[in-house]
Amino acid sequence: MPRHPDTRQRIERAAIALFAAKGVDATTTKDIAAEVGISEGAIYRHFRSKDELTWHLFSTHYTELARHIDAAMAETEGLAERIERTVTLFSGLFDREPELFAFILLSQHGQLGRVTADMPTPVESLRRMFQDGIDRGECRGTDPDLMAAMALGLVTQPATFAIYGRIARPLGRLAPALADAVKRVVLA
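Given the structure is predicted, the values throughout are model-derived calculations rather than measurements. (Residues numbered from 1 in each chain as written. Predicted model: local features only at pLDDT ≥ 70, side-chain atom pairs only at ≥ 80, totals over all residues. Heavy atoms only, no water.)

1. Observations concerning helix α2 (residues 29-36)
Residues spaced three or four apart along an α-helix face the same direction, because each turn holds 3.6 residues. Listing the buried residues of α2 in full gives T29, I32, A33 and V36. Axial view of α2: buried residues confined to an arc of 100°, hence all on one face. Of the exposed residues in α2, those oriented more than 90 degrees away from the buried face are K30, A34 and E35. Contacts from the buried residues of α2 go to α1 (7-22), α3 (40-43) and α4 (50-74). After α2 finishes, the residue G37 shows a positive phi value of roughly 85°. (Buried < 20%, exposed > 50% of the residue type's maximum accessible area, 1.4 Å probe, protein only. Helix = DSSP H or I, 4+ residues; strand = E, 2+ residues; numbered from the N terminus. Arc of directions from axis to C-beta. Contact = heavy atoms within 4.5 Å.)

Structure below.
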């Protein structure tokens, strides 16, 4: 079988798709190898284990999402605008890469325990956003963790419903309504 220079990327894409569809626990390396069209052993040339592959995918994309939120914050002024931008960011990611979003959303409980304090995370980025809003007097609450949790719930629960077909896609069409809901909950 000829070697493909993009085998690692193909493994990653196939794993994300299978993890999103079947769950991490129900997906085997044999499943991933079959999807990519390689031997199961070829996966181990790139990743020591399915666990390492899962963590690599989760940590890479989870921290990347945090960087996107931080960039959106740096480009905007005021909590209302930051909320709109962040909700649009989440909705856009869901619409562009639904399998990736589903993987992050549905596998986080098995992976968050491995997140270290020095890693950028979307939760910490949102916490900083709300702390800044509190400091500026723009936020009705005084607990940035609670504000971040409420905002995440208002966005991730509709995304979860979309994953399971209870809300029609694209999620981006709901971004203005979701942003308005977050603003009603948190803005002073």
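Back to the write-up after that little detour.
2. Thoughts on the packing of helix α5 (residues 79-96) against helix α9 (residues 175-186)
Put simply, α5 and α9 touch, their axes get as near as 9 Å, and they point 140° apart. Regarding the angle of α5 to α9, the classification is oblique. Judged by the sense of rotation from one axis to the other, the crossing of α5 with α9 is right-handed. Facing α5, whose interface residues are A80, I83, E84, V87, T88 and S91, α9 presents A175, L178, A179, V182, K183 and V186. (Axes fitted to C-alpha atoms, helices over the stretch in contact; angles between N-to-C directions. Parallel < 35°, antiparallel > 145°, perpendicular 65-115°, else oblique. Left-handed = near helix turned anticlockwise from the far one by under 90°.)

3. Concerning the side chain of E12
Among the secondary structure elements, E12 is positioned in helix α1. Reaching out from E12, the side chain makes a polar contact with the side chain of H56 at a distance of 3.0 Å. Setting aside its immediate chain neighbours within four residues, E12 contacts F47, L53, H56 and L57. (Polar contact = N/O pair within 3.5 Å; in protein donor to acceptor, adjacent residues only side chain to side chain.)

4. A closer look at the side chain of Q111
Here Q111 is to be found in helix α6 (residues 98-111). The exposure class of Q111 is buried, given its relative accessible area of 6%. Apart from residues no more than four positions distant in its own chain, Q111 is found in contact with T54, W55 and F58.

5. Things to note about the packing of aromatic side chains
Enumeration according to the criterion identifies four aromatic pairs in this entry. Ring geometry for F94 against F101: centres 5.2 Å apart, planes inclined by 85°, an arrangement best described as edge-to-face. With respect to burial, F94 and F101 carry one shared label: buried. (Phe/Tyr/Trp six-rings, centres within 6.5 Å; stacked < 30°, edge-to-face > 60°.)

6. Re the nonpolar core
I11, I32, I83, V87, F103, F130 and V186 are the most contacted members of the largest nonpolar core, which has 58 residues in total. Once residues within four sequence positions are removed from consideration, I32 is found in contact with I11, A14, A15, L18, F19, T27, I43 and L53. (Core = buried A, V, L, I, M, F, W, Y, C linked by side-chain atoms within 4.5 Å.)

7. Overview of the pattern of salt bridges
One pass over the structure, following the stated rule, counts 13 salt bridges. One salt bridge in this structure joins K22 and D31, with 2.7 Å as the shortest N-O distance. Residue classification places D31 among the partly exposed residues on the basis of a relative accessible area of 24%. For R128, the salt bridge goes to D70, with nearest N and O atoms at 2.7 Å. Here R128 is found in helix α7 (residues 122-135), whereas its partner D70 is found in helix α4, with 58 residues between them in sequence. Three or more residues are tied together by salt bridges with common partners; here these are E77, R82, D132 and R136. (Salt bridge = Lys/Arg side-chain N within 4 Å of Asp/Glu carboxyl O.)

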